[in-house]
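# Remarks on the overall topology
Spelled out from the first residue to the last, the chains are:
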Amino acid sequence: MDADRRKFLIGLGSAALFGVGAAAGLTRVGAAEAPAGEAAQGAIRWGMLVDMTRCAEGCADCIAACNAKHNIPQFGNTKDEIKWIWKQDFAQVFPNGNPFPSARQTAGPVLTLCNHCANPPCVRVCPTQATFKRADGIVEMDFHRCIGCRFCMAACPYGSRSFNWRDPRPFIPAFDPDYPTREAGVVEKCNFCSERLDRGQRPACVEACKAQALVFGNLNDPGSELRGQLRARVTLQRKPELGTQPSVFYAFEPRHD
Amino acid sequence: MSNKAAVCIGLALFGGVATLPFWLPGARRPMPQPVLKAGLTECVESAEYMRANHMLLLDAWRNSVVREGNRRYVNAAGKPFEKSLERTCLDCHSNKAEFCDRCHQSVAVQPYCWNCHFAPGELRPAAAAMAGSPALRIAATGLSSPGGAADGR
Amino acid sequence: MIEHALTGNRTYRLWIVFLLALIAAGLAGYRDQLTYGLGITGMGRDISWGVYIGQFTFLVGVAASAVMLVLPYYLHNYKTFGKMLVLGEFLAVAAVLMCMLFVIVDMGKPERVLNILLFPTPRSMVFWDVVVLNGYLLLNLVCGWVALEAEQAGVPPPRWIKPLIYLSIPWAISIHTVTAFLYAGMPGRDLWLTAILAPRFLASAFAAGPALLIALSLLLKRLTAFDVGPEAIDKLATIVLYAALVNFFFTAMEFFTAFYSGIPAAERPLTYLFFGLEGHAGLRPAMWLSTLLGAAGVAVLLAPGLRLRERYLVPACAAIFLSLWLDKGVGLIIGGFIPSPLETVSDYSPTGHEVLITAGVWATGSLVLTLLYKTAIGVKQRA
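Model, not experiment: these values are computed from the prediction. (Residues numbered from 1 in each chain as written. Chains lettered and ligands numbered in written order. Predicted model: local features only at pLDDT ≥ 70, side-chain atom pairs only at ≥ 80, totals over all residues.)

## Considerations on the overall build of chain C
Tallying secondary structure elements over chain C gives 15 helices and zero strands in all. In terms of C-alpha radius of gyration, chain C reaches 21 Å, essentially the compact-globule figure of 21 Å for 383 residues. By principal-axis analysis of the C-alpha atoms, chain C measures approximately 65 × 50 × 40 Å. Of all 383 residues assigned to chain C, the portion counted as buried reaches 50%. Put simply, 79% of the contacts in chain C that link residues at least 6 apart link residues at least 24 apart. (Helix = DSSP H or I, 4+ residues; strand = E, 2+ residues; numbered from the N terminus. Rg over C-alpha atoms; globule rule 2.2 N^0.38 Å. Buried ≥ 20, exposed ≤ 12 C-beta atoms within 10 Å, placed from the backbone. Contact = placed C-beta atoms within 7 Å.)

Right under this line is the structure:
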């Protein structure tokens, strides 16, 4: 092919590419992205106390409520498993190596869920801000934006996150129409029932607990019942030395006031 | 150039095939009209606006609801609505096949919203077909593994 | 210039057809993965990254190794590497391409990959990894191709290429440092939470990449009579030797800190990898094989009588390459997930689909490498 024709075709191709690229870049549809990263120091920081003195061994009402309200699939194997809230042995939830934990601590498996950290490593690593911290402290998932890279799963020091390794719909026992299901390829986790909080309701697990073992409230309000509980008894956070500042606290001893 | 004839014929053929939808008898069809429930008052915005922009509106809504927790929409006339596909839109546009799918299928658009969100009327048959075995229901209560200790794959 | 890549003898054509067949098989496997979901692999809730990300991590290192040729040649006027330069740059191109493909096949929603650029997140290391890898790909492709074109035309390369080449030197360091940052900042993963991770990555990169390059150069000599020169080979072998020694020293340091401190979180991943933990020892054979191969390779490279002879040099390079592939591509990534944050231990093994897709990606990189090398050899042998 002679040089002039070659130059013309190259020029045409480059112009076409450049034009398409510029058009795509300049006409991006949708609202400008508000920074969803750092939460403003708002009036609310949602938190929870898990009162293990009231949590009955063998009871899973909160787990059932969460699973039902959020269309959590049941795969029956630990590989594909998706869980937002569940129970696990004390030594695994609080692996500090204490060989002589108290009887209260080992009375039964401990309830485990996303800690909605104030300094969340998962939010820090997400390349698309698909997981982000809301102004009220909840670490939320945007399933529309998640690319399924699972970086957040590697970053979470608590193992709170699950991935949809396959289509979940055939494995959902019964659908709740008020909440969508998810697709294969996105990460999910407890969202503190943000959709219920936005409607003025309490999280499903908190409401379902007949023993009132879950105290949910505003950590920023010194007068809240939650803060009162935290003052009145010794509480634990999971792996506090990592600097994540969890919003979920655990009590194994009764109040001391 | 010696290929002139072949090139011209080729171009003419290509032009003909590319413009088929415009001149082939029977290829031109009117856009199907979506069917709405009778006796409805008004949509979130005007019909012309929605026809052109409902995709952008829904996209903006989902970003606003999920990322900002902002569920309140005020339309051009100042009337407030909840930003919800299921509760606001599908309340009136309740027959997905007759309203939504008609235009979408005609223009070969496949919104993937329905992979996750529930369309009205979809749920009852789907729930019956997909509702799991008793084993699944028990598993859903979280009581399937005593102690809950994960035991590896 | 690409006409060199489009013609070749029977061996060449058979090789291309073989690679295309492997790519087709990989694509078929990937189609299955897109339909079923990533559950078709051996990954699961506890071990959420596997072979794909392991390969990605290893190949970023291979890509970075081009700097071991570029730096002496351009900054220290070490002209011995002259004939090898373009081979190193093109190896970097093929390696980075494979990295990107492995990331794509590992994604749950690959159709949304542009979200990384539409919603840039500077605090996320993945964002920077995408930026630096794409930049490095462009740099090496442009520098290598333009220099080759100049050589074909019999003129010195254009002046604007010099600053790009100088830029590629720190850029090569940056790609593997940023990749190390993906791991080294995770608070819950004690195998990775070490400041020495980026230096370890660089050391193993500068051993594995040049080892592969030596083997490829000697293969090219056998197939095409294109000879980069015995001095270049020997100098590069020396670089492999010392980079490998540094890498093994770094690994030994990890062992010391973990086991002398006695901190369980530090000890347990290494225990799982090399000795087995709670009845699970899935990676133990691979880790000891890696150690053995590495030691054997280093021993051969240490003896000048052996290092200077191709029949010992090539297996030694292969041994070091395989050793580091097992260490980084298999052990480090998967080992980082064991035990899980909830102290559970499980094993991971890739499924058939995973292996097929991996082979497909390696075949794609090999195809690109073959075409680029054929072009380069064609130009150089005509000149």
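## Considering the overall build of chain A
Within chain A, the secondary structure is distributed over eight helices and nine strands. Put simply, of all contacts in chain A between residues at least 6 apart along the chain, 66% involve residues at least 24 apart.

## Section: the interface of chain A and chain C
Counting from both sides, the interface comprises 42 residues of chain A and, opposite them, 32 residues of chain C. Of all the secondary structure elements, the ones that give two or more residues to the side of chain A that touches chain C are α3 (90-93), α4 (121-125), α5 (151-155) and β6 (162-163) of chain A. Looking at the side of chain A that touches chain C, its residues break down into 21 nonpolar, 12 polar and nine charged. (Nonpolar A, V, L, I, M, F, W, Y, C, P; charged D, E, K, R; others polar.)

## A short note on the confidence of the model for chain C
All names here are of chain C. With 100% of its residues at a pLDDT of 70 or more, chain C has an overall mean of 95. For chain C, helix α13 (residues 304-307) is the element with the lowest average pLDDT, namely 89, and helix α2 (residues 10-36) is the one with the highest, namely 97. The complex prediction reports pTM at 0.88, with the ipTM value standing at 0.92. (pLDDT = per-residue confidence, 0-100.)

## Re the environment of C:Lys162
Its location among the elements puts C:Lys162 in helix α8 (residues 161-184). Sequence-wise, C:Lys162 and C:Tyr30 are 132 residues apart; in three dimensions their C-alpha atoms are separated by 40 Å.

## Considerations on the packing of helix α7 (residues 125-153) of chain C against helix α15 (residues 352-382) of chain C
Residues and elements named next belong to chain C. In contact at an axis separation of 9 Å, α7 and α15 are set at 25° when each is read in the N-to-C sense. Considering their axes alone, α7 and α15 lie roughly parallel with respect to each other. Note on packing geometry: the crossing formed by α7 with α15 is left-handed. When α7 is examined against α15, the residues Leu148, Glu151 and Gln152 are found in contact with a partner set consisting of Thr375, Ala376, Val379 and Lys380. (Axes fitted to C-alpha atoms, helices over the stretch in contact; angles between N-to-C directions. Parallel < 35°, antiparallel > 145°, perpendicular 65-115°, else oblique. Left-handed = near helix turned anticlockwise from the far one by under 90°.)

## Looking at the sheet that holds strand β1 (residues 46-51) of chain A
Residues and elements named next belong to chain A. Pairing in this open sheet of three strands is mixed, and the strands run β8-β1-β9 from one edge to the other. At either margin of the open sheet sits one strand with a lone partner, and together these are β8 (214-218) and β9 (248-251). Pairs of neighbouring strands in the sheet enclose a mean axial angle of 20°, with direction left out of account. When β1 meets β9, the two strands line up parallel, connected through four bridges. Bridging from a neighbouring strand, Met48 pairs with Val248 of β9. Along the sheet, helix α8 (residues 225-232) makes contact with β1, β8 and β9, crossing β8 at roughly 115°. (Pairing = 2+ DSSP bridges.)

## Notes on helix α14 (residues 310-335) of chain C
The end-to-end C-alpha separation of α14(C) is 35 Å, in line with the 38 Å expected for 26 residues at 1.5 Å each. Burial runs high along α14(C): 19 of the 26 residues are buried. (Expected span 1.5 Å × (residues − 1).)

## Quick notes on the packing of helix α3 (residues 51-64) of chain C against helix α5 (residues 85-106) of chain C
Residue and element names in this part refer to chain C. Where α3 contacts α5, the two axes come as close as 8 Å, and the packing angle between them is 160°. Compared by their axis directions, α3 and α5 come out roughly antiparallel. Handedness of the crossing formed by α3 with α5: left-handed. Contact with α3, carried on its side by Tyr52, Ile53, Gln55, Phe56, Leu59, Val60, Val62 and Ala63, involves Leu91, Ala92, Ala95, Val96, Met98, Cys99, Phe102, Val103, Val105 and Asp106 of α5 and no other residues of that element.

## Section: the environment of C:Leu236
By the secondary structure assignment, C:Leu236 is in helix α10 (residues 230-261). Residues C:Leu236 and C:Phe206, 30 residues apart in the sequence, show an inter-C-alpha distance of 9.8 Å.

## Digging into the nonpolar core
Core analysis: the largest hydrophobic core is formed by 191 residues, its most contacted members being C:Ala63, C:Leu91, C:Cys99, C:Val240 and C:Ile320. Here this core takes 17 residues from α5(C), the largest share from any one element. Shared between two domains, this core takes at least three residues from each, and those domains are domain 1 (1-184 + 350-383) and domain 2 (187-210 + 229-349) of chain C. Excluding its chain neighbours within four sequence positions, the residues that come into contact with C:Leu91 are C:Val62, C:Ala66, C:Leu212, C:Leu213 and C:Leu369. Formed by seven residues, the second largest nonpolar core is a distinct cluster that contains A:Ile172, B:Leu90, B:Phe118 and B:Ala119. (Core = buried A, V, L, I, M, F, W, Y, C linked by C-beta atoms within 7 Å. Domains from an automatic or database assignment.)

## So, the domain arrangement of chain C
Residue and element names in this part refer to chain C. Here chain C is described as being made up of domain 1 (1-184 + 350-383) and domain 2 (187-210 + 229-349). Contact residues are listed per partner, giving 28 residues for domain 1 and 33 residues for domain 2. Listed by contribution, the elements that provide at least two residues to the side of domain 1 that touches domain 2 are α3 and α8. The element contributing the most residues to the side of domain 1 that touches domain 2 is α3, with eight residues. When its residues are assigned to classes, the side of domain 1 that touches domain 2 shows 14 nonpolar, 12 polar and two charged.

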